[in-house]
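Take a look at the letters that make up each chain.
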Amino acid sequence: MSEARSIPVTYKSPTYDVCVVGIEATIDIHRTVPSGADSFDVRGTSSLDVVVVYNSKTLNKPQKGEKWPLNELVKVVVSPTKASTSLNDSKVKVDYYGSQGKQLLGSSLLYLTNVAVSLDVDVFRSGTVMRGIRKKDTWSWGRGGKGAILLVNCDRDLSQNSLPDNEDAGLPNASDIKDMSPMILTAEGPDEIFDDYKVILKISSSDANRLQVYQKRSMYLYNEGPHTLNKCWPISHQGRK
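Note that the coordinates shown come from a computational prediction; the quantities given were computed from them, not determined experimentally.

Considering the environment of Leu211
With respect to the helices and strands, the residue Leu211 is situated in the loop between β11 (199–202) and β12 (232–235). Between the C-alpha atoms of Leu211 and Leu150, which are 61 residues apart in sequence, the distance is 9.4 Å.

See the structure below:
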C-alpha cells in the first residue's frame, strides 16, 4: 500500500486542499509551529475522521483535559466520510500550546473539499453494473465466481470489413457494444472542483496496448479521440452523477 499523502499546515494562514472519501491523508502539523509550542490538540467537523496515530509502547494517551505532545512520532491522519456539498465545507483545527499545554499560542486551520470517486463494474457477472459494491479487487474463477470479466472483441461484426474487430480502427457499432464490458465512473462533489481536477484511470503498461475505453454519447455513438489506454487516460467529469 502506498504511503498516505501529506498535507502541510501552518498557523500563519488557512490551508485549502481536496481529499477523496475513504482515502487517508496525513496532516503535517510539525512544519510550521508557534515559537515555544510543546503540545497540541486537534479536532475536525463531522464529515471527517480525524485520528492521532502514536506508539502506545513509548507514549501514553493524554487524559481528559491534557494535550498531545508535539512529538515528531505523533501524527494526525484525516479521512473524509462523505462528499462535500460545497467548496471547503470540512475543517480541521489544530491548536498549539506552550507551558505544558496551559497557554494557547496559535491555531492552524485546514479547509477540505471532499470528493467521492467510484469505478463500478459487473462484479457478479449478471449483466448489470451495481454501484457501491465493496471488495471489487477480488476475483475468482468458475460458476458462482466473483469479479468482472473483460471480453475479447475479436469477432467480425461488419461483414463488408475483412478485418476482425480488434484490428478495426473505426468507431464501434451497435454490435460492438454488446461485446464490451460495462463500467460506471461516478464522481461526487461540488461541480466547481472538477474545473481544476481530473480523474485519471491508470492501468499497467503491459496491458496498455490491449485495452480501449469508450464513453457513451448517445445510444450507439461513442466518443472519438484517444481511446487507447497508454500509461493513463483522463476522463473528464461532467456534472454530478
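Quick word on the nonpolar core
In this structure, Ile27, Ile29, Phe40 and Val92 are the most contacted members of the largest nonpolar core, which totals 20 residues. Mapped by element, the contributors of at least two residues to this core are β1 (5–10), β3 (25–32), β4 (39–44), β5 (48–53), β7 (75–80), β8 (90–98) and β9 (103–121). The contact partners of Ile29, leaving out residues within four places of it in the chain, are Val9, Phe40, Leu70, Val76, Val94 and Tyr96. Core analysis: the next-biggest nonpolar cluster, separate from the first, contains 5 residues, Val18, Val115, Ala187 and Ile193 among them.

Focus: a nonpolar patch on the surface
On the surface, Trp139, Trp141, Ile149 and Leu151 cluster together to form a nonpolar patch covering roughly 520 Å² of accessible area. Structurally, the position occupied by Trp139 is in the loop between β9 and α1 (174–178).

Thoughts on the side chain of Ser39
Checked against the element boundaries, Ser39 lands in strand β4. In this structure Ser39 comes out as buried when scored by relative accessible area, which is 5%. Polar side-chain contacts of Ser39 include one of 3.4 Å to the backbone nitrogen of Gly101. Contacts of Ser39, omitting those with residues within four sequence positions, involve Lys67, Trp68, Pro69, Leu70, Asp95, Tyr96, Tyr97, Gln100 and Gly101.

With respect to the sheet that holds β5
Pairing within the open sheet is mixed, and its 4 strands lie in the order β1-β3-β7-β5. Each end of this open sheet is capped by a strand with a single partner; those strands are β1 and β5. Put simply, the sheet's adjacent strands are angled 30° from each other on average, direction ignored. Pairing geometry for β3 and β7, over 3 bridges, is antiparallel. Bridging from a neighbouring strand, Ala25 pairs with Val78 of β7.

Side note on the packing of aromatic side chains
How two aromatic rings sit relative to each other is given by the distance of their centres and the angle of their planes. Per the stated rule, a full pass over the model turns up 3 aromatic pairs. Taking 5.4 Å as the distance between ring centres and 15° as the angle between the ring planes, the aromatic pair formed by Tyr16 and Tyr111 counts as stacked. Of this pair, Tyr16 sits in strand β2 (residues 15–20) while Tyr111 sits in strand β9, and the two are 95 residues apart along the sequence. The partly exposed category is assigned to Tyr111, whose relative accessible area is 21%. Between Tyr54 and Trp68 the ring centres are 5.0 Å apart and the planes differ by 55°, which places this aromatic pair in the tilted class. Of this pair, Tyr54 sits in the loop between β5 and β6 (68–69) while Trp68 sits in strand β6, and the two are 14 residues apart along the sequence. On the accessibility criterion, Tyr54 (27% relative accessible area) is partly exposed. Here Lys67 stacks its cationic end above the ring of Tyr97, 4.6 Å away from the centre of that ring. Positioned over the ring face of Trp139 is Arg125, at 4.6 Å from the centre of the ring.

Conventions we followed
Residues numbered from 1 in each chain as written. Predicted model: local features only at pLDDT ≥ 70, side-chain atom pairs only at ≥ 80, totals over all residues. Heavy atoms only, no water. Helix = DSSP H or I, 4+ residues; strand = E, 2+ residues; numbered from the N terminus. Core = buried A, V, L, I, M, F, W, Y, C linked by side-chain atoms within 4.5 Å. Buried < 20%, exposed > 50% of the residue type's maximum accessible area, 1.4 Å probe, protein only. Contact = heavy atoms within 4.5 Å. Patch = residues over 30% accessible without salt bridge, like charges linked within 9 Å, V, L, I, M, F, W, Y side chains within 5 Å. Areas by Shrake-Rupley, 256 points an atom, 1.4 Å probe, with all protein chains shown as cover. Salt bridge = Lys/Arg side-chain N within 4 Å of Asp/Glu carboxyl O. Polar contact = N/O pair within 3.5 Å; in protein donor to acceptor, adjacent residues only side chain to side chain. Pairing = 2+ DSSP bridges. Axes fitted to C-alpha atoms, helices over the stretch in contact; angles between N-to-C directions. Phe/Tyr/Trp six-rings, centres within 6.5 Å; stacked < 30°, edge-to-face > 60°. Lys NZ or Arg CZ within 6 Å of the ring centre and 35° of its normal.

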